[in-house]
Amino acid sequence: GSAEGLKFFEAHLKEWLPVLMIVGEPAGDDLCDTLLQALELRPPHISNGILIDPMSIAERIRYHREKAALQIAKEMALVDELLVELKREHLTRVFNERAKI
């Protein structure tokens, strides 16, 4: 079932390829949301005896997109904390070295 859904989604993306190529750079959330809304408006159909539900495909993509965004936000927070700590260590080291002079 998921293989047929993937084939369907790939065909949907091919229809959007000219739009994506015109943009020429990552278009961000607006284009992605528009693409997923268009996917949701497509009617369900049967391919090789398997029901393809475009709305369900769009919902799964949104779920994974949100999950990935949350994970990236967590990792960015960790990076920020690490950078603050590195800067603190550097400033402490510079201060200590200058205090010796």
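Residues numbered from 1 in each chain as written. Predicted model: local features only at pLDDT ≥ 70, side-chain atom pairs only at ≥ 80, totals over all residues. Heavy atoms only, no water.

### Some words on the overall build of the protein
The secondary structure content of the protein amounts to three helices and two strands. Taking the contacts inside the protein whose residues are at least 6 apart along the sequence as the reference set, 54% of them involve residues at least 24 apart. As presented, the protein carries roughly 8,100 Å² of accessible surface, and 63% of it is formed by carbon and sulfur atoms. (Helix = DSSP H or I, 4+ residues; strand = E, 2+ residues; numbered from the N terminus. Contact = heavy atoms within 4.5 Å. Areas by Shrake-Rupley, 256 points an atom, 1.4 Å probe, with all protein chains shown as cover.)

### Topic: the confidence of the model for the protein
Taken as a whole, the protein shows an average pLDDT of 85; of its residues, 89% reach a score of 70 or greater. Of all helices and strands in the protein, the one with the weakest mean pLDDT is helix α1 (residues 2–23) (78), whereas helix α3 (residues 54–100) scores best (91). (pLDDT = per-residue confidence, 0-100.)

### Some words on the side chain of His12
Its place among the elements puts His12 in helix α1. Residue His12 is classed as buried on the basis of its relative accessible area of 2%. Filtering out sequence-adjacent residues up to four positions away, His12 remains in contact with Leu35, Ala38, Leu39 and Arg42. (Buried < 20%, exposed > 50% of the residue type's maximum accessible area, 1.4 Å probe, protein only.)

### Quick word on the environment of Pro43
Within the element layout of this structure, Pro43 appears in the loop between α2 (29–41) and β1 (45–47). A relative accessible area of 58% means that Pro43 is categorised as exposed. In this structure the C-alpha to C-alpha distance between Pro43 and Pro54, which are eleven residues apart in sequence, comes to 6.9 Å.

### Let's talk about the pattern of salt bridges
The full count for this structure, using the stated rule, is five salt bridges. One salt bridge connects Arg42 with Glu15, and the closest N-O pair in it is separated by 3.1 Å. Of the two residues, Arg42 is situated in the loop between α2 and β1 and Glu15 in helix α1; the sequence distance between them amounts to 27 residues. Notably, a salt bridge pairs Arg88 with Glu85, separated by 2.6 Å at the nearest N-O pair. Pair noted here: Arg88 and Glu85 are both in helix α3, with a separation of three residues, about one helical turn. On the accessibility criterion, Arg88 (46% relative accessible area) is partly exposed. (Salt bridge = Lys/Arg side-chain N within 4 Å of Asp/Glu carboxyl O.)

### Side note on a nonpolar patch on the surface
A contiguous nonpolar patch, built from Val79, Leu82, Leu83 and Leu86 and spanning about 360 Å² of accessible area, is present on the exposed surface. Secondary-structure assignment places Leu82 in helix α3. (Patch = residues over 30% accessible without salt bridge, like charges linked within 9 Å, V, L, I, M, F, W, Y side chains within 5 Å.)

### A look at the nonpolar core
Membership of the largest hydrophobic core is limited to ten residues, which are Phe8, Phe9, Trp16, Leu31, Leu35, Leu36, Leu39, Ile52, Ile57 and Ala58. Per-element accounting of this core gives the leading share, four residues, to α2. Leave out the neighbours within four places in its chain, and Phe9 touches Leu35, Leu39, Ile57 and Ile61. (Core = buried A, V, L, I, M, F, W, Y, C linked by side-chain atoms within 4.5 Å.)

### Observations concerning α3
Given a rise of 1.5 Å per residue, 47 residues ought to cover 69 Å, and the 69 Å separating the end C-alpha atoms of α3 matches this to within 8%. Restricting attention to buried positions, one finds in α3 the residues Pro54, Ile57 and Ala58. (Expected span 1.5 Å × (residues − 1).)

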